[in-house]
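Summary of structural features
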Amino acid sequence: MMTGRFAPSPTGSLHFGSLVAALASWLDARAAGGHWLVRMEDLDEPRVQPGAACEILRALRQLGLYWDDEVTHQSSCTARYEEALQRLGAHTYWCGCTRKEIADSSLGLAADGAAIYPGTCRRGLPPGKPARALRLKVDDSKIVFVDRVQGRREQVLSRDVGDFVLYRADGQFAYQLAVVVDDAAQGITDVVRGADLIDSTARQIFLQRLLGLPTPRYLHVPVAVNAAGEKLSKQTGAEPLDLSRAECEVRRALAFLGHPGDLAQARRSWDPGLIPAQLAAEPPR
Ligand code: GLU
């Protein structure tokens, strides 16, 4: 069964960019007669906003995006992340470096702007340094995947990303680990999400291989940006969705996805080939 998912972080209400991601994954699943699941990615405790998860679900209903099964919450799935860490065993190591130390000795910046970790603690924690985060050892193999919209992408993790964090210094499981474990546990066959995550995909495929999990197909839709090229969010002054005009908001998001018309039409004529093959775009007025 083709199974897609929408995996919002409940750090605020749904905005235009997250509506685009939700809509694209919903259409992709529904057009194929598949399942569509909703998963709350609420592990980042300091950023989670009380009430946001309920508000997102209410918005999805108002927009006509109904899901199958029960909504899952990552905060209640930590046992399976712990188990995955156990299985990764010798592929992981404790790192005692602070953000500043990494920035100072960094090999440069990864595509997502994070400092590339130079591997300081790979051979063991230097004496006197307390363990902070758990990292995964990456290698210099080339990870290649063909995105259904953006085309062929490749990354060499050792060069482009460095050993990355699976368990954070603040005691939270990292997004990269949780997303891989959950996509497999929920039988997700098709990941459809914003292109701001396209550079995470190689890390996720690397983890899937180490854990012996299947790799889903990937489709990354353009990220909605403002005239200055900044991702639309509360911080960049994005207008919240106006749910009293839900149909209108859906039409705008559909136009952004190359499917002008309404939800029913888009469901009938869904063709990922019509989605602009670009990483970012400004929403239509
Ligand atoms: N929780 C992530 C976000 O809201 C999405 C993760 C994913 O789709 O893989 O940006």
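Scope of this entry: the structure provided in the associated data block.

Once that is clear, we can look at the overall build of the protein. When its secondary structure is counted, the protein shows 9 helices and 12 strands. Seen through its principal axes, the protein has C-alpha atoms that stretch 60 × 40 × 40 Å. A buried classification covers 49% of the 285 residues belonging to the protein. The long-range fraction of contacts in the protein, counting pairs at least 24 apart against all pairs at least 6 apart in sequence, stands at 76%. Taken as two groups, the 34 positive and 34 negative side-chain charges of the protein have centres that lie 3 Å from each other.

For the rest of this paragraph, the subject is helix H6 (residues 175–185). Of all 11 residues in H6, 8 are buried, a share of seventy percent or more. Within H6, the full set of buried residues consists of Gln 176, Leu 177, Ala 178, Val 179, Val 180, Val 181, Asp 182 and Asp 183. Contacts from the buried residues of H6 go to strand S1 (3–6), strand S2 (35–40), helix H3 (78–88), strand S8 (164–167), strand S9 (190–194) and helix H7 (201–211). Once H6 ends, the next one or two residues include Gly 187, with phi positive near 65°.

By size, the foremost hydrophobic cluster in this structure holds 44 residues, and its most contacted members are Leu 23, Trp 36, Leu 60 and Leu 65. Taken together, the elements giving at least two residues each to this core come down to helix H1 (16–31), S2, helix H2 (52–63), strand S10 (217–221), helix H8 (246–256) and helix H9 (263–269). Among the elements that line this core, the one with the most residues is H1, at 10 residues. In terms of nonpolar packing, the next biggest core, distinct from the first, is built from 31 residues, Ala 84, Leu 157, Val 161 and Ile 198 among them.

A word on the site of the ligand. The full set of residues close to the ligand is Arg 5, Ala 7, Pro 8, Ser 9, Glu 41, Tyr 175, Val 179, Arg 193 and Leu 197. A distance of 2.7 Å is found between an oxygen atom of the ligand and a side-chain nitrogen or oxygen belonging to Tyr 175. Within the side chain of Arg 193, one N or O atom sits 2.9 Å away from an oxygen atom of the ligand. Grouping the amino acids of the shell around the ligand by side-chain chemistry returns 5 nonpolar, 1 polar and 3 charged.

With that settled, consider the sheet that holds strand S5 (residues 133–136). One open sheet accounts for 3 strands, arranged S4-S5-S8; its pairing is antiparallel. Each of the sheet's edge strands pairs with one partner strand only, and the pair in question is strand S4 (92–95) and S8. Going from strand to strand, the sheet's axes swing by 45° on average, the running direction of each strand aside. Pairing of S4 with S5, which is carried by 4 bridges, proceeds in the antiparallel orientation. Along S5, the bridge assignment pairs Tyr 93 with Arg 135.

On to H8, then. Within H8 the residues assigned to the buried category are Ala 246, Glu 249, Val 250, Ala 253, Leu 254 and Phe 256. Seen end-on, H8 carries its buried residues on one side only, within an arc spanning 155°. In this structure, the buried side of H8 is in contact with H1, H2, strand S11 (223–224), H9 and strand S12 (280–281). Immediately beyond the C-terminal end of H8, within one or two residues, lies Gly 258, with a positive phi of roughly 80°.

As a further point, take the side chain of Ser 200. Relative to the helices and strands, Ser 200 is located in the loop between S9 and H7. On the basis of relative accessible area, Ser 200 is assigned to the buried category, the value being 6%. Residue contacts for Ser 200: discarding those within four places in its chain leaves Tyr 175 and Gln 176.

All told, the structure shown has 23 salt bridges when counted by the stated rule. Across the pair Asp 183 and Arg 39 runs a salt bridge, and its minimum N-O distance is 2.9 Å. Highlighted residues: Asp 183 in helix H6 and Arg 39 in strand S2, separated in sequence by 144 residues. The exposure class of Asp 183 is buried, given its relative accessible area of 3%. You can call Arg 39 buried: its relative accessible area is 1%. Arg 245 is paired through a salt bridge with Asp 242; the nearest N and O atoms lie 3.9 Å apart. Assessed through its relative accessible area of 42%, Arg 245 is described here as partly exposed. What makes Asp 242 partly exposed here is its relative accessible area of 29%. A network of salt bridges, in which partner residues are shared, links Arg 5, Arg 39, Glu 41, Arg 80, Asp 182 and Asp 183.

What counts as what
- Residues numbered from 1 in each chain as written.
- Predicted model: local features only at pLDDT ≥ 70, side-chain atom pairs only at ≥ 80, totals over all residues.
- Heavy atoms only, no water.
- Helix = DSSP H or I, 4+ residues; strand = E, 2+ residues; numbered from the N terminus.
- Buried < 20%, exposed > 50% of the residue type's maximum accessible area, 1.4 Å probe, protein only.
- Contact = heavy atoms within 4.5 Å.
- Lys, Arg positive; Asp, Glu negative; His and termini not counted.
- Charge placed at Lys NZ, Arg CZ, Asp CG, Glu CD.
- Core = buried A, V, L, I, M, F, W, Y, C linked by side-chain atoms within 4.5 Å.
- Near = heavy atom within 4 Å.
- Polar contact = N/O pair within 3.5 Å; in protein donor to acceptor, adjacent residues only side chain to side chain.
- Nonpolar A, V, L, I, M, F, W, Y, C, P; charged D, E, K, R; others polar.
- Pairing = 2+ DSSP bridges.
- Axes fitted to C-alpha atoms, helices over the stretch in contact; angles between N-to-C directions.
- Arc of directions from axis to C-beta.
- Salt bridge = Lys/Arg side-chain N within 4 Å of Asp/Glu carboxyl O.

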